[in-house]
Amino acid sequence: NAGVTQTPKFQVLKTGQSMTLQCAQDMNHNSMYWYRQDPGMGLRLIYYSASEGTTDKGEVPNGYNVSRLNKREFSLRLESAAPSQTSVYFCASRAGNSPLHFGNGTRLTVT
Amino acid sequence: EDKVVQSPLSLVVHEGDTVTLNCSYEVTNFRSLLWYKQEKKAPTFLFMLTSSGIEKKSGRLSSILDKKELFSILNITATQTGDSAIYLCAGDTTSGTYKYIFGTGTRLKVLA
């Protein structure tokens, strides 16, 4: 009964390095989301996937790419990390109009 | 532009106090208003409100929606230190984009 699982939990990158944040859900949800959370800014949507095979930009997509690998998995890639991407990243999923279920987050620091 | 505004931004109370958290919204094609509690990690779901005037209750927490005045409140009675958290409010839409609009949250600290 894992729900939404994110890896890694913590990551430190140097400016210009790349990495992929992984997310998997075992609830058979169609829609998956990537958010970032910064102090005083709330949760801001980076990208989402309404269903397998589709992805769309959210509010703050610049500097990120995503892949909906299959129904379970939705990854977020930073091609060239910047200090402005230091944040806590949350993956979430939902079925239809049900509430979002969140993973435990990845704390990313870019130096 | 769609927006959700929460107040106050932060609040410090003592155990046993009652608190009221506010959420106002301007959301095109509004479907529902949701409340989440965030402690150290993932936000966890509290309430989903779709109809005006119907209170939802879970233990010491309750919430109500006013679709005419476009706001919701979250009440916590007899607060405990375990209620210390960030409380997030979000608007959901029928626009087909499946996106929530989140407020910035209210940080509640309950002192023993």
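Now for a description of the structure that goes with this document.

What counts, and where the lines are drawn
Residues numbered from 1 in each chain as written. Chains lettered and ligands numbered in written order. Predicted model: local features only at pLDDT ≥ 70, side-chain atom pairs only at ≥ 80, totals over all residues. Heavy atoms only, no water. Pairing = 2+ DSSP bridges. Helix = DSSP H or I, 4+ residues; strand = E, 2+ residues; numbered from the N terminus. Axes fitted to C-alpha atoms, helices over the stretch in contact; angles between N-to-C directions. Core = buried A, V, L, I, M, F, W, Y, C linked by side-chain atoms within 4.5 Å. Buried < 20%, exposed > 50% of the residue type's maximum accessible area, 1.4 Å probe, protein only. Contact = heavy atoms within 4.5 Å. Salt bridge = Lys/Arg side-chain N within 4 Å of Asp/Glu carboxyl O. Disulfide = S-S within 2.5 Å.

**Details of the sheet that holds strand E1 (residues 3-7) of chain B**
Residues and elements named next belong to chain B.
- If you trace the five strands from one edge of the open sheet to the other, you get E1-E3-E8-E7-E6, paired in antiparallel fashion. Both edges of this open sheet fall to E1 and strand E6 (56-58), since each of them pairs with a single strand only. The mean inter-strand angle of the sheet, taken between neighbouring strand axes irrespective of direction, is 15 degrees.
- Here strand E3 (residues 19-26) pairs with strand E8 (residues 71-76) via six bridges, running antiparallel. For threonine 20, the partnering residue across the bridge sits in E8 and is asparagine 75.

**Brief notes about the nonpolar core**
All names here are of chain B.
- Among the nonpolar cores identified, the biggest contains 22 residues, and Val4, Tyr25, Leu33, Trp35, Tyr87 and Leu108 are the most heavily contacted of them.
- The set of elements that each furnish at least two residues to this core consists of E3, strand E4 (30-38), strand E5 (43-49), strand E7 (61-66), E8, strand E9 (85-93) and strand E11 (106-111).
- With four residues, E3 is the largest single contributor of residues to this core.
- Apart from residues lying up to four places away in sequence, leucine 33 is in contact with Cys23, Tyr25, Phe47, Met48, Leu49, Leu65, Ser72, Cys89, Ala90 and Gly91.

**Some details on the pairing of strand E7 (residues 64-68) of chain A**
Residues and elements named next belong to chain A.
- Going residue by residue along E7, you find Tyr64, Val66 and Arg68 tucked away on one face and Asn65 and Ser67 left uncovered on the opposite face.
- With five bridges connecting them, E7 and strand E8 (residues 74-78) associate as antiparallel partners. Counted as the bridge partner of asparagine 65 is arginine 77 from E8.
- Hairpin connection of E7 to E8: five residues between the antiparallel strands.

**Describing the pattern of salt bridges**
- Here the structure, examined in full by the defined rule, presents seven salt bridges over all chains.
- In this structure, arginine 36 of chain A engages aspartate 38 of chain A in a salt bridge whose closest nitrogen and oxygen atoms are separated by 2.9 Å. Taken as a pair, arginine 36 of chain A and aspartate 38 of chain A share a single burial class, namely buried.
- Note that aspartate 83 of chain B and arginine 60 of chain B form a salt bridge whose closest N and O atoms lie 2.8 Å from each other. Of the two residues, aspartate 83 of chain B sits in the loop between E8 and E9 while arginine 60 of chain B sits in the loop between E6 and E7, which places them 23 residues apart along the sequence.

**What to know about the sheet that holds strand E3 (residues 19-25) of chain A**
Residues and elements named next belong to chain A.
- One open sheet accounts for four strands, arranged E1-E3-E8-E7; its pairing is antiparallel. For this open sheet the edge positions go to strand E1 (4-7) and E7, each flanked by a neighbour on one side alone. The mean angle between the axes of side-by-side strands here comes to 15 degrees, regardless of whether they run parallel or antiparallel.
- Alignment of E1 against E3, held across four bridges, turns out to be antiparallel. Bridge pairing links glutamine 6 to cysteine 23 in E3.

**Brief notes about the state of the cysteines**
Residues and elements named next belong to chain B.
- All chains considered together, the criterion is met by two disulfides over all chains.
- Disulfide partner of cysteine 23: cysteine 89, at an S-S distance of 1.8 Å. Across the disulfide from cysteine 23 to cysteine 89, rotation about the S-S bond amounts to roughly -65 degrees, and the bridge is consequently left-handed. Here the residue cysteine 23 occupies a position in strand E3, and cysteine 89 occupies one in strand E9, the gap between them amounting to 66 residues.

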